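Secondary and tertiary structure notes
Residues per chain, in single letters:
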Amino acid sequence: MLVAALVLAGTVLPWVGGLGTASCAAAQNRANAPGYRLVVGIVVDQLRADYLERFDDLFGEKGFRRLKTKGAYFANAHYGHACTYTGPGHAVILTGSTAAITGIIGNKWYDRQSGKVIESITDETTTGVPEGKGASPRRLLVSTLADELKAATGGQAKSIGISLKNRGAILPVGRTADAAYWFDDKRGQMQTSTYYMKELPAWVAAFNARRIPDQWFGKTWEKLLPEAVYARCTADDVPYEGRFAGGGPAFPHQVGRGDKPNARFYDDFTMTPWANDFLVEFATAAIENERLGADDIPDVLTISFSANDLVGHAFGPNSHEVLDITVRTDQTLARLLDVIDAKVGLDRTLVFLTADHGVSPVPEYAQQQRLHSRRIPFEQVAVAMKRALDAKFGAGQWFAGFSAESVYFDLATIAEKKLERAEVERVAAEAALTVEGIAAAFTRTQLLSGGLPRTPLTERVQMAFHPQRSGDVFLVPEPFCFFGSEEYTTATTHGTPYAYDTHVPVMLMGRGIRPGTYWAEASPSDIAPTLAALLGITPPNGTVGRPLQEALSR
Ligand SMILES: [Zn+2]
């Protein structure tokens, strides 16, 4: 096995293995030896770790609790990177890596080459199949467990990613996946892109022809449980929650107005628990029709439930809606695990469950609790930086782009004025720190030099910083503070290096995994090396995580 060291901006990270480094036949034997037929990765988008405790008494025996009691539950797992967004999280889950190495530093970032803000899965060389926008994993720089399993089995292991969101489907399985399918929320059907195929398989076309989402048109999402259960939440009808599907912030939520399903309905549908049930229907069809787990060559199926994230953004983690969808997700999960048991056998399946990030409380709610919390209008930061730069260097067009926490300078302006890039960064960073709610501003020069003191904060920022893709100033808000625009005034988000955004469950279940609750430090980046150890294959090439050996029974 190839073992070298990657020295990245002063941080030494283990760099293990690569595609095809094990001999094919030997790897195939090891992959087959334990009799695993399927790896199922379940991601619940924005499932913060504490939800499994707060709502535990509301769960049944066959969903989350089945994973908790029959599997290994890592209750103290955190992302190592500061950019706790959907794209970076999904890119870590089966690569065992971190944003600094995967290259997926955000959902969106400013791309210096094209001069545009691009998404993590933007690929203009692809188009949607059968319709919709194209997308691909081309920006993912590292291999996934699915890639390595394919390499170890002479290409025989299949891998498929499924989600409502394109990035949630594409990034976990990676570049050699047979397919990724996501929801076309304009047309109400599952789509893929020309990266994977020219035409939908017959079973996907037949699935779409069933028009399953339409059965929920005009239906009302009501509370599942008796009213008293929701007393652990904030009041339902509060002004800081989002409005839903043309209605208000409180239950019941009617979904779909007018005489027939339209793009507005399909968009609203993605914010309902029914969208998760819809994905399970699709996953079931995928298992049956693609014969996943049907032979002794293990396959990989990932399913990312996106609706939980959309509901969380709109209503916040303390809302009735988040409680309700989490309890319904428990039931959806129970059905999914039963399907896998019936079709493949849970004794021949390795199941894991995690989330791509957590979430902040709604600032207005936190403020009511007398906690420090704030929305930081990004405009304030931009204005403060521009004023300082104009004052020091003369008026100029300073910025090429912004994306979340990163500020990208217009390098032509710096060249024209014959300025030192590091000096411009320093002045801008200092100005950003004058804005209320900003905890830290790291410059590109500081991050590249590796000269920053090693603190929990700088380590997480370093783990999120990619020299070619990240910006010139990296901003970190104070805890419970986040960036928004002046128009975006409801509900909440994620994206910081703090525990409420980094803390997610990591659960593994299957033969070879010792059941129990584990409090050791862990991370979603440990999932891939742990599965690689169980499957007897090479860990993905950007792995920084560790096999969770305390939970391995062989
Ligand atoms: Zn997400």
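What counts as what
- Residues numbered from 1 in each chain as written.
- Predicted model: local features only at pLDDT ≥ 70, side-chain atom pairs only at ≥ 80, totals over all residues.
- Heavy atoms only, no water.
- Salt bridge = Lys/Arg side-chain N within 4 Å of Asp/Glu carboxyl O.
- Buried < 20%, exposed > 50% of the residue type's maximum accessible area, 1.4 Å probe, protein only.
- Pairing = 2+ DSSP bridges.
- Helix = DSSP H or I, 4+ residues; strand = E, 2+ residues; numbered from the N terminus.
- Expected span 1.5 Å × (residues − 1).
- Contact = heavy atoms within 4.5 Å.
- Donors = N, O, S within 2.8 Å, 3.2 Å for Na, K, Ca; no water.
- Tetrahedral: all angles 85-135°; square planar, octahedral: opposite > 155°, others 65-115°.
- Domains from an automatic or database assignment.
- Buried area = accessible area lost by both parts, 1.4 Å probe.
- Polar contact = N/O pair within 3.5 Å; in protein donor to acceptor, adjacent residues only side chain to side chain.
- UniProt positions renumbered as here; feature names shortened; annotations may be inferred.
- Phe/Tyr/Trp six-rings, centres within 6.5 Å; stacked < 30°, edge-to-face > 60°.
- Lys NZ or Arg CZ within 6 Å of the ring centre and 35° of its normal.

Where an unreviewed UniProt entry is consulted, the chain appears under the name Alkaline phosphatase, with the organism given as Chloracidobacterium thermophilum.

**A short note on the pattern of salt bridges**
Counted under the stated rule, the structure contains 38 salt bridges. Ionic pairing is found between Asp50 and Arg48, a salt bridge with its closest N-O pair at 2.6 Å. Classification of Asp50 by relative accessible area gives partly exposed; the value is 24%. Arg187 is paired through a salt bridge with Asp184; the nearest N and O atoms lie 2.8 Å apart. With a relative accessible area of 32%, Arg187 lands in the partly exposed category.

**Re the sheet that holds strand β10 (residues 189–193)**
Strand order in the open sheet formed by 10 strands is β7-β10-β9-β8-β13-β3-β14-β21-β4-β22, and the pairing between neighbours is mixed. Each having just a single partner strand, β7 (128–129) and β22 (516–518) make up the two edges of the open sheet.

**Some thoughts on helix α16 (residues 421–432)**
Residues separated by three or four positions in an α-helix point in the same direction, a consequence of the helix having 3.6 residues per turn. Taking 1.5 Å per residue as the helical rise, α16 with its 12 residues ought to reach 16 Å, and the 17 Å between its terminal C-alpha atoms agrees with that figure. Regarding α16, the residues found buried are Val424, Glu425, Val427, Ala428, Ala429, Ala431 and Ala432. Its buried side turned inward, α16 meets α14 (378–393), β17 (406–409), α15 (411–416), β18 (438–443), α17 (444–449) and β19 (473–477).

**Describing helix α20 (residues 527–535)**
With 8 of 9 residues buried, α20 lies mostly within the body of the structure. For α20, the full list of buried residues reads Ile527, Ala528, Pro529, Thr530, Leu531, Ala532, Leu534 and Leu535. One or two residues past the end of α20 sits Gly536, with phi positive at roughly 70°.

**Thoughts on unusual backbone geometry**
Between Val129 and Pro130 the backbone carries a cis peptide bond, its omega angle lying at 5°. For Pro130, the location among the structural elements is in the loop between β7 and α6 (145–152). Of the consecutive residues Phe251 and Pro252, the connecting peptide bond is found in the cis state with omega at -5°. Within the secondary structure layout, Pro252 lies in the loop between β11 (220–221) and β12 (253–254). In this model, Lys418 sits at a positive phi of 55°, which is unusual for a non-glycine residue. Take Lys418: it is sitting in the loop between α15 and α16.

**Considering the coordination of the zinc ion**
The protein atoms that coordinate the zinc ion are Asp45 (OD), Thr86 (OG1), Asp356 (OD) and His357 (NE2), at distances of 2.0 to 2.2 Å. With 4 donor atoms in place around the zinc ion and angles of 92 to 140° between them, the coordination shape is irregular. Between consecutive donors of the zinc ion, the numbers of intervening residues give the motif D-x40-T-x269-D-H. Placement of Asp45 in the loop between β3 (38–44) and α2 (51–54) and of Thr86 in helix α4 (residues 86–93) is noted, with a sequence separation of 41 residues between them. Taken as a pair, Asp45 and Thr86 share a single burial class, namely buried.

**A look at the domain arrangement of the chain**
The domains assigned to the chain are domain 1 (3–299 + 307–362 + 497–551) and domain 2 (374–484). Taking only C-alpha atoms into account, the centre of domain 1 sits 31 Å from that of domain 2. Counting residues at the interface gives 29 residues for domain 1 and 35 residues for domain 2. Interface area, domain 1 with domain 2, both sides summed: about 2500 Å², of which 61% is carbon and sulfur. The three residues of domain 1 that bury the most area against domain 2 are Tyr110, Arg112 and Tyr498, which together make up 25% of that side's buried surface. In this structure, the connection of domain 1 to domain 2 is made through 1 salt bridge. With a closest N to O distance of 2.7 Å, Arg112 and Asp472 form a salt bridge. For the pair domain 1 and domain 2, the interface holds 12 residue pairs in polar contact (both at pLDDT 80 or more). Elements supplying a minimum of two residues to the side of domain 1 that touches domain 2: β2 (11–16), α5 (99–102) and β5 (108–111).

**Let's talk about the UniProt feature "active site" (unreviewed entry) in the chain**
Taking the UniProt record as the reference, the feature "active site" (unreviewed entry) is found at Thr86. Thr86 sits in the buried class, given a relative accessible area of 1%. If sequence neighbours within four positions are ignored, Thr86 has contacts with Asp45, Asn107, Lys165, Arg167, Asp356, His357 and His494.

**Regarding the packing of aromatic side chains**
The full count for this structure, using the stated rule, is 26 aromatic pairs. Plain terms: the ring middles of Tyr181 and Trp203 are 5.8 Å apart, the flat faces sit at 70° to each other, and that makes the pair edge-to-face. Pair noted here: Tyr181 is in strand β9 (residues 179–184) and Trp203 is in helix α8 (residues 202–209), with a separation of 22 residues, a long-range link. Seen from the ring of Tyr230, Lys223 lies directly overhead, with NZ or CZ sitting 4.9 Å from the centre. Positioned above the aromatic ring of Tyr36 is the side chain of Arg511, whose terminal nitrogen or guanidinium carbon lies 5.9 Å from the ring centre.

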